[in-house]
Amino acid sequence: KKGNYDHFMQKEIYEQPESLRTTLRGRLIPGDESKVKGVLLGGLKAHLRTIRRSRRILFIGCGTSFHAALATRPLVEELSEVPVTMEIASDFLDRRAPIYREDTAVFVSQSGETADTLQALEYAKSHGALCVGITNTVGSAISRGTDCGVHINAGCEIGVASTKAYTSQIAVMTMLALAIGEDAISTRARREAIIDGLLDLPGVVKEVLKLDEKMKELAATLMEEQSLLLFGRGYNYATALEGALKVKELALMHSEGILAGEMKHGPLALVDETLPIIVIATRDSTCSKQQSVIQQLQARKGRLIVMCAKGDAAIMCPNGASYVIEVPHIQDCLQPIINIIPLQLLAYHLTVLRGFNVDQPRNLAKSVTTE
Ligand code: UD1
Ligand code: BG6
């Protein structure tokens, strides 16, 4: 039921403080005199040693689930010190890519039924890799077929375009990184700060949802456009890809997420006074590089929309921007959960304004069970 909402997607966007709370429930140990601060993933406990010792971790998925994995790759690499490679399930299968017993393959899927992801699972299993599932659907083929895993517990998602499952996937994979890294003394302070961030997360998500009216305003200025670019890097490369996917699949507007580090290798040629470009420049170790990206785009008179942390507008874009989206700040690795929400809202309003079907975009299905 949609309740007071016009569409399931809108309802699911607004549910995120609650869906994230459910995802995290019982899995965070806040820490006291008797217990160290940590995470508890019941389904993984028995396999953490094997995962830590693997030679490589592969993240495998399709669409939004692939983006969620991409958003957490930097943290998993940082805390595990195991190389993480990204695989789109269909491409992994097309290449019949090498995979070994010493590998851990993590399959990310909201439905747990996506054909390509499921086939990739069968393939990885037959090569002896440890197979881990991150799924929303208890009893699904991927949940049953993996050696172990974590249910994201985001609740049923009806809108074809994934929203609350995406943020819960990132939250779970962040906890996965914390669990893999839990025996390292050198990263303890870092891990504790992230756990504090996870405890704060539902409140911060509530805060960022207040941008709804502003995103509606922004959508009105963009509704006649043909194209929208999004530039991100680091943790928020995934945000750029996922924001662009939402805009293209729902609002039926061409949109492309671009790794900002690649700007000079092609995309810069597109920049002029008319093409709208969203630059994600929230606070993390890459933000001074994003500052210089903004300067270079401004030097070419780009039509910039800058997403930055609250209070950072004057530092991040001293020469102004056509629009600024100021979001609440949280730990760097959790920022993708916050940053996607205004973009979900933007895609939603663009779709309504352009008169397209929000919950069932043309030609798309919630769960793609054929190749
Ligand atoms: C489990 C219970 C939960 C209960 C909690 C109490 C289930 C589904 N979950 O949650 O109701 O409140 O214990 O401690 O009964 N798995 C896979 N692949 C996947 C996802 C999960 O193999 O893709 C496996 C896990 O390894 C685990 C089981 O399924 O053995 C349940 O996983 P999950 O629901 O995440 O475990 P808990 O959070 O411990
Ligand atoms: C479909 C959905 O294309 O499958 C997307 O429309 C989703 O929202 C993708 O991201 C992958 O699905 P799943 O269930 O494997 O996460």
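Quick notes on the rules
Residues numbered from 1 in each chain as written. Chains lettered and ligands numbered in written order. Predicted model: local features only at pLDDT ≥ 70, side-chain atom pairs only at ≥ 80, totals over all residues. Heavy atoms only, no water. UniProt positions renumbered as here; feature names shortened; annotations may be inferred. Core = buried A, V, L, I, M, F, W, Y, C linked by side-chain atoms within 4.5 Å. Buried < 20%, exposed > 50% of the residue type's maximum accessible area, 1.4 Å probe, protein only. Contact = heavy atoms within 4.5 Å. Pairing = 2+ DSSP bridges. Helix = DSSP H or I, 4+ residues; strand = E, 2+ residues; numbered from the N terminus. Axes fitted to C-alpha atoms, helices over the stretch in contact; angles between N-to-C directions. Salt bridge = Lys/Arg side-chain N within 4 Å of Asp/Glu carboxyl O. Polar contact = N/O pair within 3.5 Å; in protein donor to acceptor, adjacent residues only side chain to side chain. Near = heavy atom within 4 Å. Areas by Shrake-Rupley, 256 points an atom, 1.4 Å probe, with all protein chains shown as cover. Nonpolar A, V, L, I, M, F, W, Y, C, P; charged D, E, K, R; others polar. Expected span 1.5 Å × (residues − 1). Right-handed = clockwise from strand over helix to strand, strands pointing away. Parallel < 35°, antiparallel > 145°, perpendicular 65-115°, else oblique. Left-handed = near helix turned anticlockwise from the far one by under 90°.

An unreviewed UniProt entry lists the protein chain under the name glutamine--fructose-6-phosphate transaminase (isomerizing), with Riccia sorocarpa given as the organism. Its UniProt record gives the protein chain a comment under Catalytic activity (unreviewed entry), which states: "D-fructose 6-phosphate + L-glutamine = D-glucosamine 6-phosphate + L-glutamate". Here is the UniProt Pathway (unreviewed entry) comment for the protein chain, exactly as written: "Nucleotide-sugar biosynthesis; UDP-N-acetyl-alpha-D-glucosamine biosynthesis; alpha-D-glucosamine 6-phosphate from D-fructose 6-phosphate: step 1/1."

Here the focus is the nonpolar core. Counting 90 residues, the largest nonpolar core has Leu44, Ile57, Phe59, Leu198, Ile325 and Leu346 as its most contacted members. Beyond its immediate stretch of four places on either side in the chain, isoleucine 325 contacts Leu211, Met215, Leu218, Ile305, Val306, Met307, Cys308 and Pro342.

Below, the discussion takes up the sheet that holds strand β4 (residues 84–88). The sheet built from five strands is open, its strands ordered β4-β3-β5-β6-β7 with parallel pairing. One side of each edge strand has no neighbouring strand; the edge strands of this open sheet are β4 and β7 (148–151). With direction set aside, neighbouring strand axes in the sheet form an average angle of 20°. Across six bridges, strand β5 (residues 103–109) lies against strand β6 (residues 130–135) in parallel orientation.

Further remarks concern the pattern of salt bridges. All told, the structure shown has 20 salt bridges when counted by the stated rule. In this structure, aspartate 196 engages lysine 37 in a salt bridge whose closest nitrogen and oxygen atoms are separated by 2.8 Å. Residue aspartate 196 is located in helix α9 (residues 188–208), and its partner lysine 37 is located in the loop between β1 (28–29) and β2 (38–39); the two are separated by 159 residues in the primary sequence. A salt bridge links arginine 73 to glutamate 77; the nearest nitrogen and oxygen atoms lie 3.7 Å apart.

Along the polypeptide, threonine 286 turns up in the loop between β10 (276–280) and α12 (287–299). Within the structure, the side chain of threonine 286 is placed 2.7 Å from the side chain of aspartate 284, a separation counted as a polar contact. Excluding anything up to four places from it in sequence, threonine 286 contacts Arg233 and Gly234.

Attention now moves to the site of ligand 1. Near ligand 1 there are 13 residues, and of these Arg27, Gly43, Thr135, Thr146 and His151 occur at the shortest range. Backbone polar atom of serine 143 to a nitrogen atom of ligand 1: 3.2 Å apart, as the coordinates give it. In the complex, the protein chains occlude 51% of the 740 Å² of accessible area that ligand 1 would expose alone. Listed by contribution, the elements that provide at least two residues to the shell around ligand 1 are β6 and β7. Broken down by element, the residue count for the shell around ligand 1 peaks at four residues, all from β7. Taken together, the residues of the shell around ligand 1 break down into four nonpolar, eight polar and one charged.

Turning our eyes to something else, we now look at helix α11 (residues 237–251). Across its 15 residues, α11 extends 21 Å between first and last C-alpha, which sits within 8% of the 21 Å expected from 1.5 Å per residue. Of all 15 residues in α11, 13 are buried; the element is thus mostly enclosed. At the exit of α11 stands leucine 252, carrying a positive phi of roughly 50°.

Consecutive side chains along a regular strand alternate between the two faces of the sheet. When you tally the buried positions in strand β11 (residues 303–309), you get six out of seven residues, the bulk of the element. Pairing of β10 with β11 involves five bridges; the strand directions are parallel. Bridging across to β11, valine 279 finds its partner in valine 306. What joins β10 to β11 is α12, and the crossover it makes is right-handed. As paired strands, β11 and strand β12 (residues 323–327) are joined by five bridges and run parallel to one another. Residue pairing for β12: isoleucine 305 is matched across the bridge by tyrosine 323.

The environment of ligand 2 is made up of 13 residues, and the closest members are Ser65, Ser109, Gln110, Ser111 and Thr114. Serine 109 is positioned such that a nitrogen or oxygen atom in its side chain is 2.6 Å from an oxygen atom of ligand 2. Protein chains shield 89% of the accessible area of ligand 2, which is 390 Å² for the free molecule. Top contributing element to the shell around ligand 2 by residue count: helix α4 (residues 63–80), with three residues. Its residues assigned to classes, the shell around ligand 2 comprises four nonpolar, eight polar and one charged.

As a packed pair, α4 and helix α8 (residues 164–180) sit with axes 9 Å apart at the nearest point and diverge in direction by 20°. The orientation of α4 with respect to α8, classified from their angle, is roughly parallel. Regarding α4 and α8, the two cross each other, and that crossing is right-handed. Facing α4, whose interface residues are Thr64, Ser65, His67, Ala68, Ala69, Ala71, Thr72, Leu75, Val76, Leu79 and Ser80, α8 presents Tyr166, Gln169, Ile170, Met173, Thr174, Ala177, Leu178 and Ile180. The residue makeup of the contact of α4 with α8, split by class, is 12 nonpolar, seven polar and no charged.

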